Amino acid sequence: MLNTLGFVTERKCSSLQLAGTGVFVVRGRAQKGSVVAMYPGTIYQADEPIFFQSIRNPFVFRCIDGILIDGNDKAMSKIVFRSCSRRDRLGPFSLSDSSWLTPHPVNPLAVGQYVNNCSNEKAANVCYQEYDVPDGFPLELRQFLPNVKYRADTQRPLRCVVLVSLRDITHGEELFSNYYTIVH
Ligand SMILES: C[S@@+](CC[C@H](N)C(=O)[O-])C[C@H]1O[C@@H](n2cnc3c(N)ncnc32)[C@H](O)[C@@H]1O
């Protein structure tokens with residue numbers, strides 16, 4: 001990650017009291033405008049059922065158009081993601097990565113669900129960018145995407161959300177987003 005992107009991120013205890021785990025740049029420097037994380041999870045269209053998975057689940061991200069991403073790596077959310085991921089294969093190709101459900105994701109960017117919310121003391125240094133994976137996205141790279149559709153037969157493209165640095169972020173700094181804003 002250091003050689004390719006110029007920085008390394010890691011999940012560890014947040015610099016904010018009682019905020020649990022956060023995501024830090026631990027080596028190098030993420031330059032302004034870099035993709036520093038991806039928001040993993042199961043993608044639910046606005047009309048798809050998420051009620052039971054959403055109970056006491058702080059990891060549900062709501063896109064501007066109502067699409068939901070369940071980034072919880074535990075309990076029922078984890079079972080649903082694994083099940084959908086195993087379902088969606090194309091011959092030898094896996095179309096998604098489920099290693100983000102473990103402490104050691106194959107794609108080290110897939111930790112965006114652990115980024116904490118900004119506060120008066122800690123301004124946001126990353127923002128969310130939503131995008132739809134285009135049809136021409138290389139098949140052999142899909143195995144690194146940490147998102148999967150809840151329903152296989154939805155005609156919509158796969159939604160992904162990345163976190164982009166709003167300024168240079170150096171090693172030792174925690175990432176903070178604003179849970180209530182989205183950049184289009
Ligand atoms: C999406 S999770 C982020 C990961 C979380 N810190 C954890 O350890 O699982 C959102 C939850 O993190 C905590 N959190 C996020 N930002 C916070 C903040 N600024 N102050 C206190 N708690 C925060 C809240 O419990 C919130 O429901």
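Above this text sits the structure in question.
Residues numbered from 1 in each chain as written. Predicted model: local features only at pLDDT ≥ 70, side-chain atom pairs only at ≥ 80, totals over all residues. Heavy atoms only, no water.

1. Details of the packing of aromatic side chains
Note the cut-off: Here is the rule: rings of Phe, Tyr and Trp (six-membered ring for Trp) pair when centre to centre is within 6.5 Å. Planes less than 30 degrees apart are stacked, more than 60 are edge-to-face, and the remainder are tilted. Numbering of helices and strands runs from the N terminus; a helix is a DSSP stretch of H or I covering at least four residues, while a strand is a stretch of E covering at least two. Buried residues are those whose accessible area, probed at 1.4 Å on protein chains only, stays under 20% of the maximum for their type, while exposed residues exceed 50% and partly exposed ones sit between those limits.
Taken as a whole, this structure holds six aromatic pairs when the rule is applied. Taken together, a centroid distance of 4.6 Å and an interplanar angle of 25 degrees make the contact between Tyr44 and Tyr150 stacked. With Tyr44 in strand S4 (residues 41-44) and Tyr150 in the loop between strand S11 (147-149) and strand S12 (159-165), this residue pair connects regions lying 106 residues apart in the sequence. For the ring pair Phe81 and Trp100, a centre distance of 5.0 Å and an interplane angle of 90 degrees mean the geometry is edge-to-face. Remark: Trp100 occurs in the loop between strand S8 (93-94) and strand S9 (116-117) and Phe81 occurs in helix H3 (residues 75-87); sequence separation between them is 19 residues. Using a relative accessible area of 0% as the deciding quantity, one classes Phe81 as buried. Note on Trp100: relative accessible area 0%, which makes it buried. Grouping aromatic residues by their ring pairs yields a cluster made of Tyr39, Phe61 and Tyr128.

2. Describing unusual backbone geometry
Phi at Arg56 is positive, roughly 50 degrees, even though this residue is not glycine. Note on placement: Arg56 falls in the loop between helix H2 (51-54) and strand S5 (60-62). Notably, Ala75 is not glycine yet its phi reads approximately 55 degrees, a positive angle. Relative to the helices and strands, Ala75 is located in helix H3.

3. Observations concerning the sheet that holds strand S6 (residues 68-70)
The cut-off we apply is this: Note: two strands are recorded as paired if DSSP finds a minimum of 2 bridges between them. Throughout, an axis means a line fitted to C-alpha atoms (over the contacting stretch in the case of helices), and angles, computed between N-to-C directions, take values from 0 to 180 degrees. Working rule for contacts: check all heavy atoms of both residues, and any pair within 4.5 Å makes them a contact.
Read from one edge of the open sheet, four strands run S5-S6-S4-S11, paired in mixed fashion. The open sheet has two edge strands, S5 and S11, and neither has a second partner. Taken over all neighbouring pairs, the strand axes of this sheet differ in orientation by 25 degrees on average, direction set aside. Along the sheet, H3 makes contact with S4, S6 and S11, crossing S11 at roughly 75 degrees.

4. Notes on the environment of Gly41
On the secondary structure map, Gly41 appears in strand S4. Sequence-wise, Gly41 and Phe93 are 52 residues apart; in three dimensions their C-alpha atoms are separated by 19 Å.

5. Focus on the pattern of salt bridges
Filter applied, for reference: Any carboxyl oxygen of Asp or Glu within 4 Å of a side-chain nitrogen of Lys or Arg constitutes a salt bridge here.
Per the counting criterion, the structure on display carries nine salt bridges. The residue Glu173 makes a salt bridge to Arg167 at a minimum N-O spacing of 2.8 Å. Taking relative accessible area as the criterion, Arg167 reaches 36% and is therefore assigned partly exposed. One network of salt bridges, in which partners are shared, links Asp65, Glu130, Asp132, Arg156 and Arg159.

6. Details of the site of the ligand
We count it as follows: Any residue with a non-hydrogen atom lying within 4 Å of a molecule or strand is treated as near it. Any pair of N or O atoms that falls within 3.5 Å is considered a polar contact. Within protein, one atom must be able to donate a hydrogen and the other to accept it, and sequence-neighbouring residues count only if both atoms are side-chain atoms. For the accessible areas, the method is Shrake-Rupley and the probe is 1.4 Å, while residue cover comes only from the protein chains on display. For this scheme, ten residues count as nonpolar: Ala, Val, Leu, Ile, Met, Phe, Trp, Tyr, Cys and Pro. Four count as charged, namely Asp, Glu, Lys and Arg, and the remainder, Gly too, count as polar.
For the ligand, the full set of nearby residues is Leu16, Ala19, Gly20, Thr21, Pro58, Phe59, Gln113, Tyr114, Asn116, Asn117 and Tyr179. In the model, a nitrogen atom of the ligand is placed 2.7 Å from a nitrogen or oxygen of the Thr21 main chain. Between the ligand and Asn116 there is a distance of 2.7 Å, counted from a nitrogen atom to a side-chain nitrogen or oxygen. For the ligand, whose unbound accessible area comes to 560 Å², protein coverage reaches 68%. Residue composition of the shell around the ligand, by class: six nonpolar, five polar and no charged.

7. Describing the sheet that holds strand S13 (residues 169-170)
Ordered in space as S1-S2-S13, the three strands form an open sheet in which the pairing is antiparallel. With partners counted over all chains shown, the strands left at the sheet margins are strand S1 (7-13) and S13, one partner each. As paired elements, strand S2 (residues 21-30) and S13 share two bridges and run antiparallel to each other. If you follow Arg29 over to S13, its bridge partner there is Thr170.

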